[in-house]
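# Report on the structure
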Amino acid sequence: MLNQTPSSLIQKLTANWRAWWRKQTPNRQDRFAFMAPLAAVVLFMAAITTAFWYLRYEEIAREQEVVRRDVEYAQQRLRVRLLDKQEQIMRMARDIASRETNNKTFLAEAQTLLNQSPELASLTWLDPHLQVLTTYISTSNNSTMSLNVGSAITQDETRNTFQLARDLLQPIYSPPIVEKRPNAAPYTQLQLHVPIVNHGKFEGVLLAEYTMDGMLRYAVPSEIANRYAVSLRDVNNQVLAGQANKAKPKVTEVLPMLFQTNEYEVPITPVGYALSLHAQPYRTSQGLIGNGVFWLVALLSAMTAWMLIGTWRHTRRRVQAQQALVAETNFRRAMENSILTGMRAMDMKGRITYVNAAFCQMTGWTEEELVGREPPFPYWPDEDREVLEEKLAQELQGETTSSGFQVRVKRKNGELFEARLYVSPLVDARGQQTGWMTSMTDITEPNRVREQLSAAHDRFTTVLEGLDASVSVAPLGSKELLFANKLYRQWFASTTQGHLSLVSQAGQPRTLGMSDASDDDAQDQDDGLMGLPTESLTETKAENAEIYVPELDKWLEVRSRYLNWVDGRLAQMVIASDITPRRQAEAQAKLQAERAETASRLITMGEMASSVAHELNQPLTAINNYCSGMISRIKANNLNEEDLLKALEKTAHQAQRAGQIIQRIRSFVKRSEPNRTPSDVTSIVAEAVELAGIEMRRRQVRLNQVVAARLPEINVDPILIEQVLVNLMRNAAESIDLAQRPMTRRDVELKVLPRTEGGQPVVEFTVTDTGCGLPPEVLERLFEAFFSTKSEGMGIGLNLCRSIVESHQGRMKAENIYNVEEITGCRFSFWLPVR
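Residues numbered from 1 in each chain as written. Predicted model: local features only at pLDDT ≥ 70, side-chain atom pairs only at ≥ 80, totals over all residues. Heavy atoms only, no water.

### What to know about the overall build of the protein chain
Scanning the protein chain for helices and strands turns up 21 helices and 27 strands. Going through the 835 residues of the protein chain one by one, you find that 37% of them count as buried. Expressed as a percentage of contacts within the protein chain between residues at least 6 apart in sequence, the contacts between residues at least 24 apart total 58%. (Helix = DSSP H or I, 4+ residues; strand = E, 2+ residues; numbered from the N terminus. Buried < 20%, exposed > 50% of the residue type's maximum accessible area, 1.4 Å probe, protein only. Contact = heavy atoms within 4.5 Å.)

### Focus on the sheet that holds strand β12 (residues 352-355)
Spatial ordering of the open sheet is given by β12-β11-β15-β14-β13, a layout of five strands whose pairing is antiparallel. Looking at the sheet topology across the chains shown, the edges are occupied by β12 and β13 (405-410). Between one strand axis and the next, the sheet turns by 35° as a mean value, whatever way the strands run. Lying over the sheet, helix α10 (residues 385-396) contacts β11 (342-346), β13, β14 (416-427) and β15 (433-442), oriented at roughly 125° with respect to β13. In the packing of helix α11 (residues 444-466) onto the sheet, the strands contacted are β13, β14 and β15, and the crossing angle to β14 comes to about 125°. (Pairing = 2+ DSSP bridges. Axes fitted to C-alpha atoms, helices over the stretch in contact; angles between N-to-C directions.)

### Things to note about the nonpolar core
By size, the foremost hydrophobic cluster in this structure holds 43 residues, and its most contacted members are L725, M729, F765 and F830. Mapped by element, the contributors of at least two residues to this core are α18 (681-698), β23 (714-716), α19 (718-739), β24 (747-757), β25 (760-769), α21 (797-807) and β27 (822-833). Here this core gets 10 residues from one element, more than from any other, and that element is α19. Residues in contact with M729, not counting those within four places in the same chain, are A688, V689, A692, M696, L703, L750 and V767. Residues M92, W125, A208 and A241 belong to the second largest nonpolar core, which totals 42 residues. (Core = buried A, V, L, I, M, F, W, Y, C linked by side-chain atoms within 4.5 Å.)

### Focus on the side chain of E179
Tracing the chain through its elements places E179 in strand β4 (residues 177-179). Of note is the side chain of E179, whose polar atom sits 3.3 Å from the side chain of Q155. (Polar contact = N/O pair within 3.5 Å; in protein donor to acceptor, adjacent residues only side chain to side chain.)

### What to know about unusual backbone geometry
Backbone torsion omega between P375 and P376 reads -5°, so that peptide bond is classified as cis. Tracing the sequence through the fold places P376 in the loop between α9 (367-370) and α10. In this structure, L130 is a non-glycine residue whose phi angle is positive, near 65°. For L130, the location among the structural elements is in the loop between β1 (120-126) and β2 (132-137). With phi around 65°, V820 is a residue other than glycine that occupies positive phi space.

### Let's talk about the sheet that holds strand β7 (residues 228-233)
One key point about sheets: their strands pair by backbone hydrogen bonds, in either a parallel or an antiparallel sense. Taken in spatial order, the four strands of this open sheet run β8-β7-β10-β9, and their pairing is antiparallel. Because the sheet does not close on itself, it has two edges, and the strands there are β8 (239-242) and β9 (264-268). Adjacent strand axes in the sheet meet at a mean angle of 30° when their direction is disregarded. Examined bridge by bridge, β7 and β8 share three bridges and lie antiparallel to one another. Bridge pairing in β8 places L232 opposite A241.

### Comments concerning the confidence of the model for the protein chain
Confidence along the protein chain averages 79 in pLDDT terms, with 81% of residues attaining 70 or more. Below pLDDT 50 for its whole length, residues 508-542 participates in 27 contacts with residues either more than four positions away or in separate chains. (pLDDT = per-residue confidence, 0-100.)

### A few points about the pairing of strand β20 (residues 570-578)
As paired strands, strand β16 (residues 469-475) and β20 are joined by seven bridges and run antiparallel to one another. From the neighbouring strand, S472 faces β20, where its bridge partner is V574. When strand β19 (residues 554-564) meets β20, the two strands line up antiparallel, connected through nine bridges. Looking across to β20, one finds that V558 is bridged to A576. Following β19, the chain reverses through five residues before pairing antiparallel with β20; G568 in that reversal takes a positive phi of roughly 90°.

### Observations regarding α18
In this model α18 runs 26 Å from its N-terminal to its C-terminal C-alpha over 18 residues, within 8% of the 26 Å that 1.5 Å per residue would give. Approximately 35° is the largest bend angle found in α18, and it occurs at A692. Among all positions of α18, only V681, I684, V685, A688, V689, L691, A692, G693, I694, E695 and M696 are buried. Q700 sits one or two positions beyond α18 and adopts a positive phi of about 60°. (Expected span 1.5 Å × (residues − 1). Bend = angle between axes of the 7 residues up to and from the residue.)

### Things to note about a nonpolar patch on the surface
Residues L296, L299, L300, M303, W306 and M307 make up a contiguous nonpolar surface patch of roughly 680 Å² in combined accessible area. Summarising the element assignment, L296 is placed in helix α7 (residues 292-338). (Patch = residues over 30% accessible without salt bridge, like charges linked within 9 Å, V, L, I, M, F, W, Y side chains within 5 Å. Areas by Shrake-Rupley, 256 points an atom, 1.4 Å probe, with all protein chains shown as cover. Salt bridge = Lys/Arg side-chain N within 4 Å of Asp/Glu carboxyl O.)

### Quick notes on helix α3 (residues 103-116)
Helix length check: α3 (14 residues) gives 20 Å between terminal C-alpha atoms against 20 Å at 1.5 Å per residue, within 8%. Of the positions making up α3, those classed as buried are F106, A110, L113 and L114. Projection of α3 onto a plane perpendicular to its axis shows the buried side chains occupying an angular sector of 95°, all on one side. Exposed positions of α3 whose direction lies more than 90 degrees from the buried face are K104 and N115. N-cap assignment for α3: the residue whose side-chain oxygen lies 3.3 Å from the backbone N of K104 is N102. (Arc of directions from axis to C-beta.)

### Here we look at the state of the cysteines
Tallied over the full model, the rule gives zero disulfides. Cysteine C826 remains unbridged, with the sulfur of C772 as its closest cysteine sulfur at 9.2 Å. Using a relative accessible area of 2% as the deciding quantity, one classes C826 as buried. (Disulfide = S-S within 2.5 Å.)

### Some details on the environment of S276
Locating S276 in the fold gives a position in strand β10 (residues 272-281). Under the relative-accessibility criterion, S276 is labelled buried at 7%. As for S276 and V266, which are separated by 10 residues in sequence, their C-alpha atoms are 5.5 Å apart. Within the structure, S276 has its side chain in polar contact with the side chain of E265 (distance 2.6 Å).

This is how it looks when you write it as structure tokens:
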């Protein structure tokens, strides 16, 4: 609170007072009854306080005027004394300049001056170079500055003042000089530099040193020093001589009006603002705070206000008690009339003594018609009268249950409704039972809702029982089976073994323990397993999992999720669907696709039969020629061993070449199981180029290859990728041949380059031809099954190529190449992800 400003403190106190006032006086009458006497006391105390404050203000004003007058008088005395000493020293300086005073005469005059002026500590004659010519030092001089004859002055303050006096050629007072001494109080002095000028020529200075204590002691009148704490201070308000002010209390930082000091400060004229005279009067009277009359009046006023507040609070408590009693009665009556539960009170004989509004509203009878009635009551149905009389007899005997009982009630208009009654003893304030209290609740709507819920539950159960999927729910950490539909019971009976088996096969069992929690905590301070039980949980890799159950000889698709059971326990629901027909269809489709791939390769080689025959004819013709030549030369006996060896090597090379062609064709068309392995892209391209090169050479088409160096491996079936490349290069050669391009434009370009697709590294294969391109309507249906632009084509080549690429998680596309508006070729490209 001490750090707050006075305005903020007053605002806070005012706000607290208003809050307390509103709490204590909630209505206007109480506020007026309280404010009238309290306002009189407050006005009385304000008048007394104002009177005392005004008197105190007048007293302080008079004291300040006296202090100002006395301080200015002391300052004038000090000024006159300093000017008198200054004039005497200036006269000595003029005598020295006129050569009327020598060293001996100077010492005599200085001794006389210092004896007459105790505040002077020394008088020194300095030459123009700050060398001491002669000096006279008083016994009261405690300065540490060296004033030996012949020595130079080194003190900075003295040298600066000397320089100023030499430049201005007039007497100069130095700032107060404080010399710190070890194990002693600091020594403060004031220097006067009077220049010695002879016909405008500067010949030195008379240096006079004043002690601050001497100036205060001998220059300030004694009557002033006795009444005030007088001190000499510098520009920083540091005390150089005399007494310092008494420290102010800390409370004055918040409320400065509580402590006002009567002090006055005036600068000393000859010296300037570097030295000032400060005075504060000694306290001689008790003041306002020590005045007994003030405290007596304040005490009497406080006691009057306290007694008035006490009387008011006592009266107010009585009024509040009466108001609280009335409010409590009204509240209980309003509560009884507003609740929806009917209330009925009976005496010990069964006579109705009280009914609330809700009871009357339920039955349709008024309070006057029911109070005082004895059994049978008018709201009893005629057909249930005997049962109700028996129930009432049990109630009067105290045979009641806390759960209540259900009855039918008849309204005044004859309608019937279901109700539940709860009976309890009615006990008065003395602890004696005076009757029975009955509460009645209309349960017609809850019964209707309960019947609807039961019907909905039956419908929901029927739907679950008729599902073609197994549904089971089991709590975590328990072998209890909470729910199982009909199909689950047919497959696994009514045990949890099937549920647990499906969960364990569908996922990877793993205990979520401290290691996982520590990893999660390293990333996030929140507990990711908060709300789960402490036992081990089975964590699945994905939402859907397909498993094979040997006991059932079925493939099942298993889906699981965690849920809160009706009793609040954490449970796991597992739904298993029979997907055996789908898996069989997928296997059959996969087998058909493999057969289609093999058939496509056979068709491709069948279409390339003439090219293969032409390719094989060359090495076979060469072998025949070599053999015929050797036979002719042997018959002519014109064959040596060296020529025979060369001919045999060439024959073997041609036979090896023919064997490689046949082996490559055999590997390409051989039916085998799909085998995806990390494969080298360069090897796949080389094998495909060897096979496709046969057809291209037959059609006189050049193949240009651009294969990037250090391509990464891809996880593919190399035979299938070779099939795609061979098919695309054959189609490119056929397109060029069909367009009848000249030899300069019969080129096919194969590019294999790495790039990035969707943020993942891929390898892109591009086959570009210079044929006639594809019409737009053909581009739209290019990859459809059984669609072909060839008269003898089956329409499965490109469709199969795209299927192979997409089965390897790749994509294929085709586009025309344009030169302005002319189609100059076609480009087929596909990419495969890097391993």
